[in-house]
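Listed below are the residues making up each chain.
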Amino acid sequence: MPIAGDVQLAAHVVIPQPSLVNLYGCSVGEGTKIGSFVEIQKNARVGQRCKISSHSFICEGVTIEDEVFIGHGVIFTNDVYPRAADETGRMQTDADWNVIPTHVKSRAAIGSHATILPGLTVGAGALVGAGAVVTRDVPDFAIVIGVPARVVGDVRKRVAPSTPESTSQSIDRDCG
């Protein structure tokens, strides 16, 4: 069963293709929309009125506050040194590792194919660019892009570009 019996779904959660998700042991807030091929693991929490786009992975230890946008194929991680087996070759179990929590604050947006390393906070209203690899905390309202992600602006100061060329020039200017 793709949605396990221990999942806490609030009212008005929208899952257009419930047979194409994998949710277990998690909680999802009211009015949130979850796309196909999304996995949300045990002890993960998703707030109200969020959008989780297709092919995203939200692992144990991730807390997503209200009104957060998660783009397609976003990956969260929860272990700094993942291993399949210990030094003796014995397969690792849940008891062999500590989950490192990650926190995404309200109204943040994470672009498609971004990767969020464990133990970080993505600030309120922040914008993580597509394909970014977030290796440190993202301040509230910051715009971060790149590998590793770096701050290039503030969402409160953004100007809507009129053409693709002005978007490119704006990013080039901000990155120095």
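To be clear, the structure that these remarks concern was listed above.
Residues numbered from 1 in each chain as written. Predicted model: local features only at pLDDT ≥ 70, side-chain atom pairs only at ≥ 80, totals over all residues. Heavy atoms only, no water.

## Some thoughts on the side chain of S53
Logical step 1: Here S53 lies in the loop between β7 (51-52) and β8 (57-58).
Logical step 2: A relative accessible area of 3% places S53 in the buried class.
Logical step 3: When sequence neighbours within four positions are dropped, the list of residues in contact with S53 reads G35, V38, F69, I70, G71 and H72. (Helix = DSSP H or I, 4+ residues; strand = E, 2+ residues; numbered from the N terminus. Buried < 20%, exposed > 50% of the residue type's maximum accessible area, 1.4 Å probe, protein only. Contact = heavy atoms within 4.5 Å.)

## Remarks on unusual backbone geometry
Logical step 1: At the junction of V147 and P148, the peptide bond is cis and its omega measures out at -5 degrees in the coordinates.
Logical step 2: Relative to the assigned elements, P148 resides in the loop between β18 (142-145) and β19 (150-154).
Logical step 3: Phi is positive for E67, which is not a glycine, with a value near 60 degrees.
Logical step 4: Within the element layout of this structure, E67 appears in the loop between β9 (62-64) and β10 (69-70).

## Let's talk about the pairing of β19
Logical step 1: Where β18 meets β19, 4 bridges bridge the pair, whose relative direction is antiparallel. Along β19, the bridge assignment pairs I143 with G153.
Logical step 2: Hairpin geometry of β18 and β19 is characterised by an intervening segment of 4 residues between the two adjacent antiparallel strands and by a positive phi of about 95 degrees at G146. (Pairing = 2+ DSSP bridges.)

## Thoughts on the nonpolar core
Logical step 1: Counting residues in each nonpolar core, the largest one holds 38 residues, and the members touching the most others are I40, I64 and F76.
Logical step 2: Residues within four places of F76 in sequence aside, it is in contact with F57, I58, C59, V62, I64, I70, T102, V104, I110 and I116. (Core = buried A, V, L, I, M, F, W, Y, C linked by side-chain atoms within 4.5 Å.)

## Some remarks on the sheet that holds β18
Logical step 1: Read from one edge to the other, the open sheet built from 7 strands follows the order β4-β7-β10-β13-β16-β18-β19, with strand pairing classed as mixed. The outermost strands of the open sheet, each flanked by one partner alone, are β4 (33-34) and β19.
Logical step 2: One ladder, built from 2 bridges, connects strand β13 (residues 109-110) with strand β16 (residues 127-128); its direction is parallel. Bridging across to β16, A109 finds its partner in L127.

## Some words on the side chain of S56
Logical step 1: Along the chain, S56 turns up in the loop between β7 and β8.
Logical step 2: For S56, a relative accessible area of 2% translates into the label buried.
Logical step 3: Of the polar contacts made by the side chain of S56, one reaches the backbone oxygen of S53; its length is 3.2 Å.
Logical step 4: Not counting the four nearest positions on each side in its chain, S56 is found in contact with F37, V38, E39, I70, G71, H72, G73 and V74. (Polar contact = N/O pair within 3.5 Å; in protein donor to acceptor, adjacent residues only side chain to side chain.)

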